[in-house]
Amino acid sequence: MATRSRARHFHATARALNAAAATRGDADGMLVTAEVSDVDIQSIIAGSMAGTDTSIASMSVEPSLTPITLPVSAMPAEELVHLHEELRWAESKLMQASERLAEAQEARRKDLVALAVMRRELLGSFAAERSWLQGSVRYFADIHPALVERELELADLVDNGVRTESVIHELAAVRSERKLFDIALAQAGVQLARVEDNQASSEYQVASEAYEREPDGASMRELARLRALSTRQRREAVRLRGEATLLLDEMGIVGGMGEVTAANAFLAAEYEGDERAADRMDRLRVAQVELELGRLPEPEAAWKSGIKHPVHFMRARRTTR
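Residues numbered from 1 in each chain as written. Predicted model: local features only at pLDDT ≥ 70, side-chain atom pairs only at ≥ 80, totals over all residues. Heavy atoms only, no water.

(A) Representation of the overall build of the protein in the model. When helices and strands are counted, the protein shows 11 helices and two strands. Of all 321 residues assigned to the protein, the portion counted as buried reaches 47%. Considering only contacts within the protein whose residues lie at least 6 apart along the sequence, 82% involve residues at least 24 apart. In the form shown here, the protein has an accessible surface area of approximately 16,100 Å², with 53% of it arising from carbon and sulfur atoms. (Helix = DSSP H or I, 4+ residues; strand = E, 2+ residues; numbered from the N terminus. Buried < 20%, exposed > 50% of the residue type's maximum accessible area, 1.4 Å probe, protein only. Contact = heavy atoms within 4.5 Å. Areas by Shrake-Rupley, 256 points an atom, 1.4 Å probe, with all protein chains shown as cover.)

(B) How the structure looks around helix 8 (residues 263–272). Burial analysis of helix 8 places 10 of its 10 residues in the buried class, the great majority of the element. Among all positions of helix 8, only Ala-263, Asn-264, Ala-265, Phe-266, Leu-267, Ala-268, Ala-269, Glu-270, Tyr-271 and Glu-272 are buried.

(C) The nonpolar core, seen in detail. Counting 67 residues, the largest nonpolar core has Tyr-139, Phe-140 and Phe-181 as its most contacted members. Secondary-structure elements contributing two or more residues to this core are helix 1 (2–22), helix 4 (77–106), helix 5 (112–159), helix 6 (165–209), helix 8 and helix 9 (275–295). Looking at this core element by element, the count peaks at 17 residues for helix 5. Those residues in contact with Tyr-139, other than ones at most four positions away along the chain, are Leu-70, Ser-73, Met-75, Phe-181, Leu-267 and Tyr-271. Counting residues in hydrophobic clusters, the runner-up holds five residues, among them Val-190, Ala-193, Ala-237 and Ala-244. (Core = buried A, V, L, I, M, F, W, Y, C linked by side-chain atoms within 4.5 Å.)

(D) How the structure looks around the packing of aromatic side chains. Throughout the structure, instances matching the rule amount to four aromatic pairs. Ring centres of Phe-140 and Phe-181 lie 5.9 Å apart, and the angle between their planes is 80°; on these two criteria the pair is classed as edge-to-face. Taken as a pair, Phe-140 in helix 5 and Phe-181 in helix 6 lie far apart in primary sequence, 41 residues in all. A single burial state applies to Phe-140 and to Phe-181, both of which are buried. (Phe/Tyr/Trp six-rings, centres within 6.5 Å; stacked < 30°, edge-to-face > 60°.)

(E) Broad picture of helix 9. Here helix 9 is 21 residues long and its end C-alpha atoms lie 30 Å apart, about the 30 Å a rise of 1.5 Å per residue gives. Looking at helix 9, one finds that the buried residues are Ala-277, Ala-278, Met-281, Asp-282, Leu-284, Arg-285, Val-286, Gln-288, Val-289 and Glu-292. Between the side-chain oxygen at the start of helix 9 and the backbone nitrogen of Arg-276 there is a gap of 3.3 Å, and the oxygen is on Asp-274. (Expected span 1.5 Å × (residues − 1). Polar contact = N/O pair within 3.5 Å; in protein donor to acceptor, adjacent residues only side chain to side chain.)

(F) Just the packing of helix 6 against helix 9, in detail. One way to put it is that helix 6 packs onto helix 9 with a least axis distance of 8 Å and a crossing angle of 125°. Taken together, the axes of helix 6 and helix 9 lie oblique to each other. Judged by the twist between their axes, the crossing of helix 6 over helix 9 is right-handed. Where helix 6 abuts helix 9, its residues Ile-168, His-169, Ala-172, Ala-173, Arg-175, Ser-176, Glu-177, Lys-179 and Leu-180 lie against Met-281, Leu-284, Arg-285, Gln-288, Val-289, Glu-292, Leu-293 and Arg-295. Of the residues belonging to the contact of helix 6 with helix 9, the class tally is eight nonpolar, three polar and six charged. (Axes fitted to C-alpha atoms, helices over the stretch in contact; angles between N-to-C directions. Parallel < 35°, antiparallel > 145°, perpendicular 65-115°, else oblique. Left-handed = near helix turned anticlockwise from the far one by under 90°. Nonpolar A, V, L, I, M, F, W, Y, C, P; charged D, E, K, R; others polar.)

(G) Structural detail: the pattern of salt bridges. According to the stated counting rule, one finds 22 salt bridges in the structure shown. Among the salt bridges present, the one from Lys-93 reaches Glu-121, with a minimum N-O distance of 3.9 Å. Here Lys-93, found in helix 4, pairs with Glu-121, found in helix 5; they are 28 residues apart in sequence, far enough to count as distant. Here Glu-236 and Arg-239 are joined by a salt bridge, their closest N and O atoms 2.6 Å apart. On the criterion of helical spacing, the pair formed by Glu-236 and Arg-239 is a turn pair, its members being three residues apart in helix 7 (residues 217–251). Under the relative-accessibility criterion, Glu-236 is labelled partly exposed at 30%. With relative accessibility at 39%, the residue Arg-239 sits in the partly exposed group. One network of salt bridges, in which partners are shared, links Glu-151, Arg-175, Arg-178 and Asp-182. (Salt bridge = Lys/Arg side-chain N within 4 Å of Asp/Glu carboxyl O.)

(H) Main features of the environment of Ile-68. Mapped onto the elements, Ile-68 comes out in strand 2 (residues 68–69). Looking at Ile-68, the relative accessible area reads 12%, which means it is buried. Spatially, the C-alpha atom of Ile-68 lies 8.1 Å from that of Glu-170, the residues being 102 residues apart in sequence.

(I) Local environment of the side chain of Ser-136. Along the polypeptide, Ser-136 turns up in helix 5. Once you skip the residues sitting within four places of it in the chain, Ser-136 turns out to touch Leu-80 and Ala-268.

(J) Focus on the packing of helix 4 against helix 8. Where helix 4 contacts helix 8, the two axes come as close as 8 Å, and the packing angle between them is 120°. The orientation of helix 4 relative to helix 8 falls into the category oblique. Here helix 4 runs over helix 8; the crossing is left-handed. Across the interface between the two elements, Ala-77, Leu-80, Val-81 and His-84 of helix 4 pack against Ala-268, Tyr-271 and Glu-272 of helix 8. Residues belonging to the contact of helix 4 with helix 8 are distributed by class as follows: five nonpolar, one polar and one charged.

(K) Here's a closer look at the confidence of the model for the protein. When pLDDT is averaged across the protein, the result is 80; 75% of the residues are at 70 or more. Here residues 26–64 scores under 50 on pLDDT; set against residues more than four positions off or in separate chains, the count is 85 contacts. (pLDDT = per-residue confidence, 0-100.)

(L) Fine view of the environment of Leu-83. Position of Leu-83 relative to the elements: it lies in helix 4. With 45 residues separating them along the chain, Leu-83 and Ala-128 place their C-alpha atoms 7.2 Å apart.

In structure tokens form, the structure reads like this:
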């Protein structure tokens, strides 16, 4: 009977771990490894980053639009590439461990080594994704304040009557970029919360499957703690997801472009040096800038602004191209 009970516990725990691993691919359109699966990390490391200046990221959307030079980030692109590569490697090892455990289950044999490896790789996958997301957040947080400051400066010029073409176009470009980084920060927070939710849920599921028929007080308290933690993390993830969805509506982001739903993934991949992610973000920028231009006043001749608002016009001449 004891052997049969241990076998049941093994297979139940294996099912719980496999279920937790299956949720790794279900991120409602925000999982980096699902949305940016075409990023070739090896080619980036091999040479695509060789000609990139990682201290300053310059982005030109189109010749007719104002290019933006982003400030220096304390998060080096090479470090973010390394963290992304670690995430890919962790996902690969998790898949291999899941396959080995599934084979043991199909053969109705108890492979305790496979079970232990599966637990280790699942936790490693959570840790790798958490580290990559935290690195992405560092990059977004470094760039965002400078965009907000520049947007306020340009908006002040427009409010004071300086509505030259250069000021209007740069304001539209900076405002679009700031909104994209706002969304990226929110989406990264959602994904971090989802990682914590998945880890807490998997720990509770494994603990509940291993629950003894006659548990002691410590086991009961630990199971109650894990259940409370799982519930708390799930509520937090749902709350942040709702806020991120609401933010998209409130900010007036251009619709019909799938890149918006994973802006954090594409912005991070672009910073890492992936050209395909950069191309997709540039298309999104062009559409968003056109939308922002439609919401701003019509540009007027520079000489007219100079006559009506000479002080602010000279200030604009010093701070814009």
